[in-house]
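Residue strings, one per chain:
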Amino acid sequence: MNTTTPFSLRLSWAQGLFERGDHVAAASALAELIDEVESSRTAGAVDDGVLHSVTDLRLMLARAYFQSAQLGRAEATLDEVIEQSPTDSYAHLLLGRTLQRAGRHAEAARPLALAEVLGDYERPEAYGSATGVTGPTDPA
């Protein structure tokens, strides 16, 4: 744990790694930042340099895991995010996409439906409607 460099600089570094596409390194840096925040909160210390909630950091970590195909870690991290913020539509969307990417399409249906209800996702027409109607009826 690097406590000599200010938290905000290390967060910027992790964000830069993510933006450059080095998602494995970004995930490692973000996980370290989350551990630091959680340990400081457990110890009762409050750091004014910490500008993000742990939930925001976890969501960014989940994105880094997703982008680096660490799908099990992404799912576990998103479960924590959703537990802390159950109305976060993006977290539900990312969880659904993570499950889809892992080939678990039936399990992905619930978080994707929640994301749609919460307003951050619109079901592509290729997947059909939510009511189960697959196409126009033929009157002939």
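(A) Looking closely at the overall build of the chain. Along the backbone of the chain there are six helices and zero strands. The order of α-helices and β-strands along the chain, N terminus first, is α-α-α-α-α-α. Taking all 140 residues of the chain together, the buried fraction comes to 37%. When contacts within the chain are restricted to residue pairs at least 6 apart in sequence, long-range pairs at least 24 apart make up 50% of them. Put simply, the chain shows about 8400 Å² of open surface, and 52% of that area lies on carbon and sulfur atoms.

(B) Fine view of the nonpolar core. Ranked by size, the top nonpolar core spans 34 residues in total, and within it Leu30, Leu57 and Leu78 carry the most contacts. For this core, the elements supplying multiple residues, two or more each, are helix 1 (7–19), helix 2 (23–42), helix 3 (54–67), helix 4 (71–84), helix 5 (89–101) and helix 6 (105–118). Sorting elements by how many residues they give to this core places helix 3 first, with nine residues. In this structure Leu30 touches Leu11, Ala14, Leu57, Met60, Leu61 and Ala64, once residues within four positions along its chain are discounted.

(C) Quick peek at the side chain of His92. Looking at the element boundaries, His92 is found in helix 5. Judged by its relative accessible area of 5%, His92 is buried. Non-local contacts of His92, meaning those with residues more than four positions away in its chain, are made with Ile82, Pro86, Pro111, Leu112, Leu114, Ala115 and Leu118.

(D) Up close: the confidence of the model for the chain. Mean pLDDT over the chain stands at 83; residues scoring 70 or higher make up 76%. Across the chain, element-level confidence peaks in helix 4 with a mean pLDDT of 96 and bottoms out in helix 2 with 90.

(E) Representation of helix 2 in the model. Over its 20 residues, helix 2 runs 28 Å from end to end, which matches the ideal 28 Å to within 8%, given 1.5 Å per residue. Taken as a whole, helix 2 has its buried residues at His23, Ala26, Ala27, Ala29, Leu30, Leu33, Ile34, Glu36 and Val37.

(F) Looking closely at the packing of aromatic side chains. For the structure shown, the criterion picks out zero aromatic pairs. Sitting over the ring of Trp13, Arg20 keeps its end group 5.6 Å from the ring centre. Against the face of Phe66 rests Arg101, its NZ or CZ located 4.9 Å from the ring centre.

(G) Quick look at the pattern of salt bridges. One pass over the structure, following the stated rule, counts five salt bridges. For Arg58, the salt bridge identified is with Glu80, shortest N-O distance 2.6 Å. One end of the pair, Arg58, is in helix 3; the other, Glu80, is in helix 4, with 22 residues separating them in the sequence. Residue Arg104 pairs with Glu75 through a salt bridge whose shortest N-O separation is 2.8 Å. With a gap of 29 residues between them, Arg104 in the loop between helix 5 and helix 6 and Glu75 in helix 4 connect regions that are remote in the sequence. Here the residues in one salt-bridge network are Glu38, Arg58 and Glu80, joined through shared partners.

(H) Spotlight on the environment of Glu36. Structurally, Glu36 is set in helix 2. The exposure class assigned to Glu36 is buried, which follows from its relative accessible area of 10%.

Here is what the cut-offs are and how they apply
Residues numbered from 1 in each chain as written. Predicted model: local features only at pLDDT ≥ 70, side-chain atom pairs only at ≥ 80, totals over all residues. Heavy atoms only, no water. Helix = DSSP H or I, 4+ residues; strand = E, 2+ residues; numbered from the N terminus. Buried < 20%, exposed > 50% of the residue type's maximum accessible area, 1.4 Å probe, protein only. Contact = heavy atoms within 4.5 Å. Areas by Shrake-Rupley, 256 points an atom, 1.4 Å probe, with all protein chains shown as cover. Core = buried A, V, L, I, M, F, W, Y, C linked by side-chain atoms within 4.5 Å. pLDDT = per-residue confidence, 0-100. Expected span 1.5 Å × (residues − 1). Phe/Tyr/Trp six-rings, centres within 6.5 Å; stacked < 30°, edge-to-face > 60°. Lys NZ or Arg CZ within 6 Å of the ring centre and 35° of its normal. Salt bridge = Lys/Arg side-chain N within 4 Å of Asp/Glu carboxyl O.

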